[in-house]
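Given next are the chains, with one letter for each unit.
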Amino acid sequence: MERARSRSTLRAPLRSELRSDPLRGDSRREAPRITGTEVRSDSSGASCVITTDSEGRRLANQTSHVQSIELRSYVFLDSLQPQLAAYMGTVSQGFLPIPGDACLWLEVSPGMAVHRVTDIALKASTVRLGQMVVERAFGSLGLYHRDQSNVLHSGDVVLEAIGSRVEQRSPCEVTWTEIIRAITPDHAVLINRQNRRGSMIQAGMSIFILETEPAGYVLIAANEAEKASNITVVDVKAVGAFGRLTLAGREGDVEEAASAAMRAVAHINDR
């Protein structure tokens, strides 16, 4: 009899431990918690997830982060010219633009914020993503569509989401501009061997070079220059700390193209 009682007293604590062991998963365990949410069960056994105050604060913080994005450049091109469209296609990792497409080029800071801006723009309309560049300080993206209204609508939705306006974009600063007439053969060969994806320049041509900050503004300069004159697009770099544009052609054509390009960048600051 004493032996039986001793066995029962030894087993009792073990059963008690099993009931209290959180790893055993018995029915009396407390309902699981999900970070930022509360799980509740009704009488039928169904569960529902209810957002808690901590989750609401997280969503509010996310909204504030989106509205802290700085708009550096906002460039709308109503109709991509043939040479610029072809050049942008050589550097595009997404959908390729074609001549006549409308284009919106956005540059934001910080660089990683370009992912959020891209997501907002693509969900706003049927625009296609042609390019997205993520740098440490800045992020850039290019959107294309045949219909200008689609491109403009995506731009409007992005501006509303980040709490900005076109007028609040960074002004265009021209850091260098020059026309070099009758370029020498050595100079022409060196330019052609550099890392560029446009057309080649020939000895005797004149060239127009332009450098802007932010970088994206050289796109509107290149597009308007090609509209205005019969020139050759040699190089267009619209990402990085500075944008660089190189155009070539006969002296008179280059001068006309340079005037159109400078009017385009001056118009950015007028707005």
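Cut-offs used in this document
- Residues numbered from 1 in each chain as written.
- Predicted model: local features only at pLDDT ≥ 70, side-chain atom pairs only at ≥ 80, totals over all residues.
- Heavy atoms only, no water.
- Helix = DSSP H or I, 4+ residues; strand = E, 2+ residues; numbered from the N terminus.
- Buried < 20%, exposed > 50% of the residue type's maximum accessible area, 1.4 Å probe, protein only.
- Pairing = 2+ DSSP bridges.
- Axes fitted to C-alpha atoms, helices over the stretch in contact; angles between N-to-C directions.
- Parallel < 35°, antiparallel > 145°, perpendicular 65-115°, else oblique.
- Left-handed = near helix turned anticlockwise from the far one by under 90°.
- Contact = heavy atoms within 4.5 Å.
- Phe/Tyr/Trp six-rings, centres within 6.5 Å; stacked < 30°, edge-to-face > 60°.
- Lys NZ or Arg CZ within 6 Å of the ring centre and 35° of its normal.
- Arc of directions from axis to C-beta.

### Re unusual backbone geometry
The omega angle of the peptide bond from S109 to P110 is 0 degrees, so this bond is cis rather than trans. Its place among the elements puts P110 in the loop between β4 (102-109) and α4 (114-124). A cis amide bond links E213 with the next residue in sequence, P214, at an omega value of -5 degrees. Note that P214 resides in the loop between β8 (206-213) and α7 (218-228). The phi dihedral of A182 is positive, around 50 degrees, even though this residue is not glycine. Tracing the sequence through the fold places A182 in the loop between β7 (173-180) and α6 (185-193).

### Topic: the pairing of strand β3 (residues 70-77)
Counted residue by residue, β3 has six buried out of eight residues, so it is predominantly covered. In the sheet, β3 pairs with β4 via seven bridges, with the strands oriented antiparallel. Of the residues in β4, the one forming a bridge with Y74 is L106.

### A look at the packing of α7 against helix α8 (residues 251-270)
The interhelical angle for the contact between α7 and α8, taken along N-to-C directions, is 140 degrees, at an axis separation of 8 Å. The angle between α7 and α8 places the two elements in the oblique class. Where α7 crosses over α8, the handedness of that crossing is right-handed. Of α8, the residues touching α7 (which contributes I220, A221, E224, A225 and A228) are E256, A257, A260, A261, A264, V265 and I268.

### Section: the environment of Q131
When you line up the elements, Q131 lands in strand β5 (residues 128-134). Residues Q131 and W105, 26 residues apart in the sequence, show an inter-C-alpha distance of 9.2 Å. When neighbours within four sequence positions are excluded, Q131 is seen to be in contact with V91, S92, W105, S140, L141 and G142.

### Quick notes on the sheet that holds strand β10 (residues 243-249)
As summarised here, the arrangement of the four strands in space is β7-β8-β10-β9, forming an open sheet in which the pairing is antiparallel. With partners counted over all chains shown, the strands left at the sheet margins are β7 and β9 (232-237), one partner each. Direction aside, the axes of adjacent strands within the sheet are offset by 10 degrees on average. Across seven bridges, the pairing between β7 and β8 is antiparallel. Residue pairing in the sheet places T177 in a bridge with L210 of β8. Seen against the sheet, α7 touches β8, β9 and β10 and runs at an angle of roughly 15 degrees to β10.

### A word on the packing of aromatic side chains
Here the structure, examined in full by the defined rule, presents zero aromatic pairs. Geometry around F138 places R72 over its ring, the cationic atom sitting 3.7 Å from the centre. Taking the ring centre of F95 as reference, the NZ or CZ of R128 above it sits at 3.7 Å.

### Topic: the environment of F242
Positionally, F242 belongs in the loop between β9 and β10. Sequence separation of F242 and G216 is 26 residues, and the distance between their C-alpha atoms is 8.3 Å. Not counting the four nearest positions on each side in its chain, F242 is found in contact with T175, E211, T212, E213, A215 and K237.

### Regarding α4
Residues of α4 that are buried include every one of V114, V117, T118, I120 and A121, and no others. The arc that holds the buried residues of α4, viewed along the axis, is 165 degrees, so those residues lie on one side.

### Re the sheet that holds strand β6 (residues 139-145)
The strands that make up a sheet pair up through hydrogen bonds in the backbone, lying either parallel or antiparallel. The strand order β3-β4-β6-β5 describes an open sheet built from four strands, whose pairing is antiparallel. Of all strands in the sheet, those bounded by a partner on one side alone are β3 and β5. Averaged over all adjacent pairs, the angle separating strand axes in this sheet is 10 degrees, with direction ignored. In this structure, β4 lies alongside β6, joined through seven bridges in antiparallel fashion. Counted as the bridge partner of L106 is L141 from β6.

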